[in-house]
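One letter stands for each residue in the lines below.
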Amino acid sequence: MTTTSSRPAYTVQTEHALLRCWSPADAAQALRAIESSLEHLLPWMEWAKRYPMSVMQQAMQLRRMRGLFDLGQDFAYAVFSRDNSEVLGGTGLHPRVGEGGLEIGYWIAAGHTGRGLATEVAGALTRVAFEVEGVRRVEIHCDPRNARSASVARRLGFTHEGTLRQRLVAPDGSLRDTMIWTLLAAEYPGSHAAAIPFEAFDMLGQKLL
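Structural notes, computed from the coordinates.

Thresholds, definitions, all that
- Residues numbered from 1 in each chain as written.
- Predicted model: local features only at pLDDT ≥ 70, side-chain atom pairs only at ≥ 80, totals over all residues.
- Heavy atoms only, no water.
- Helix = DSSP H or I, 4+ residues; strand = E, 2+ residues; numbered from the N terminus.
- Buried < 20%, exposed > 50% of the residue type's maximum accessible area, 1.4 Å probe, protein only.
- Contact = heavy atoms within 4.5 Å.
- Pairing = 2+ DSSP bridges.
- Axes fitted to C-alpha atoms, helices over the stretch in contact; angles between N-to-C directions.
- Expected span 1.5 Å × (residues − 1).
- Salt bridge = Lys/Arg side-chain N within 4 Å of Asp/Glu carboxyl O.

### A few points about the overall build of the protein
And then number 1: For the protein, the count of helices and strands is 5 helices and 9 strands.
And then number 2: Ordered by position from the N terminus, the helices and strands of the protein form the series β-β-α-α-α-β-β-β-α-β-α-β-β-β.
And then number 3: Relative to its 209 residues, the protein shows a buried fraction of 53%.
And then number 4: Taking contacts inside the protein between residues at least 6 apart in sequence as the whole, the part at least 24 apart equals 64%.

Laid out in structure tokens, this is it:
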């Protein structure tokens, strides 16, 4: 796996959310958000089929995510309410799309959809990817049937480059198509993503942006 910046943003604040790297201590809150949203998540998220699970199993997953984050290899974030009291979803910057690029993934708990939160969160991480990580492109991948996810990419100014046929395994075991949305560094300054208000802080709490 490609290692990205040596100074990832450990905490990102947006207008309505607090993004921070997961901790094993978040396991109970994460479980409540995920297991109350399974009907909403299962059509799109392959990992959702592993649930239900115990708090300890969830804690071990979050421990692994935190380890990869600390090594600068993969950045998975919890999406909390601004007061840090409730898990609203999850998101991440993933270096699985090749040199010079990062992929943004996101999910929002069922009780918090329809409020623009996914757009806000994905927009903030787009800014982190270009302004902190210095990448050349950012990608969003989604199932063509997931209209909400596609609309997030479209609103932020990403371009639909193409649809890969039967490329990924869906939660039910069938093969699914995948839309590829891309925003290039040269396009970023004029995009809606560049106007998303946010603040980013490093592991010491020092402000990056």
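Having put the structure on the table, let's press on.
### Topic: the sheet that holds strand S7 (residues 159-169)
And then number 1: Taken together, the 9 strands give an open sheet; going across it, the order is S7-S8-S6-S5-S4-S3-S2-S1-S9, and neighbouring strands pair in mixed fashion. The sheet is open, and its two edges are formed by S7 and strand S9 (199-201), each paired on a single side. The average undirected angle you get between the axes of adjacent strands in this sheet is 25 degrees.
And then number 2: For strand S1 (residues 11-13) and strand S2 (residues 17-21), the ladder comprises 3 bridges, and the chain directions are antiparallel. Across the sheet, residue Gln13 finds its bridge partner in S2, namely Leu18.
And then number 3: Docked against the sheet, helix H3 (residues 55-70) engages S2 and strand S3 (75-81), running at close to 115 degrees with respect to S3.
And then number 4: Those strands touched by helix H4 (residues 117-131) are S1, S2, S3, strand S4 (87-94), strand S5 (101-108), strand S6 (137-142) and strand S8 (175-184), and its axis lies near 160 degrees from that of S5.

### Considering the pairing of S7
And then number 1: Inspection of the sheet shows S7 paired to S8 by 7 bridges, in the antiparallel sense. For His160, the partnering residue across the bridge sits in S8 and is Trp181.
And then number 2: The loop that links S7 with its antiparallel partner S8 comprises 5 residues; one of these, Gly173, has a positive phi angle of about 95 degrees.

### Re unusual backbone geometry
What is expected of a backbone is that most residues other than glycine have negative phi and most peptide bonds are trans.
And then number 1: Between Tyr51 and the following residue, Pro52, the backbone shows a cis peptide bond with an omega angle of 5 degrees.
And then number 2: By secondary structure assignment, the location of Pro52 is in the loop between helix H2 (38-41) and H3.
And then number 3: A positive phi angle, close to 65 degrees, is found at Asn84, a residue other than glycine.
And then number 4: Within the secondary structure layout, Asn84 lies in the loop between S3 and S4.
And then number 5: Unusually for a residue other than glycine, Gln166 sits at a positive phi of about 45 degrees.
And then number 6: Looking at where Gln166 falls in the secondary structure, it is placed in strand S7.
And then number 7: Residue class for Gln166 comes out exposed when judged on its relative accessible area of 53%.

### Looking at the environment of His94
And then number 1: For His94, the location among the structural elements is in strand S4.
And then number 2: His94 sits in the buried class, given a relative accessible area of 11%.
And then number 3: On a C-alpha basis, the gap between His94 and Gly105 in space is 7.7 Å, while along the polypeptide they are 11 residues apart.
And then number 4: Setting aside residues up to four positions removed in sequence, His94 forms contacts with Asp74, Phe75, Leu102, Glu103 and Gly105.

### Focus on H4
And then number 1: The terminal C-alpha atoms of H4, which comprises 15 residues, lie 21 Å apart, in line with the 21 Å expected from a rise of 1.5 Å per residue.
And then number 2: Counting buried positions along H4 gives 14 out of 15 residues, so the element sits mostly inside the fold.

### Here's the deal with the pattern of salt bridges
And then number 1: In this structure the tally under the stated criterion is 9 salt bridges.
And then number 2: The residue Glu139 makes a salt bridge to Arg137 at a minimum N-O spacing of 2.9 Å. In this structure, Glu139 and Arg137 share a single accessibility class: buried.
And then number 3: Because the salt bridges share partners, they merge into one network encompassing Glu46, Lys49 and Arg50.

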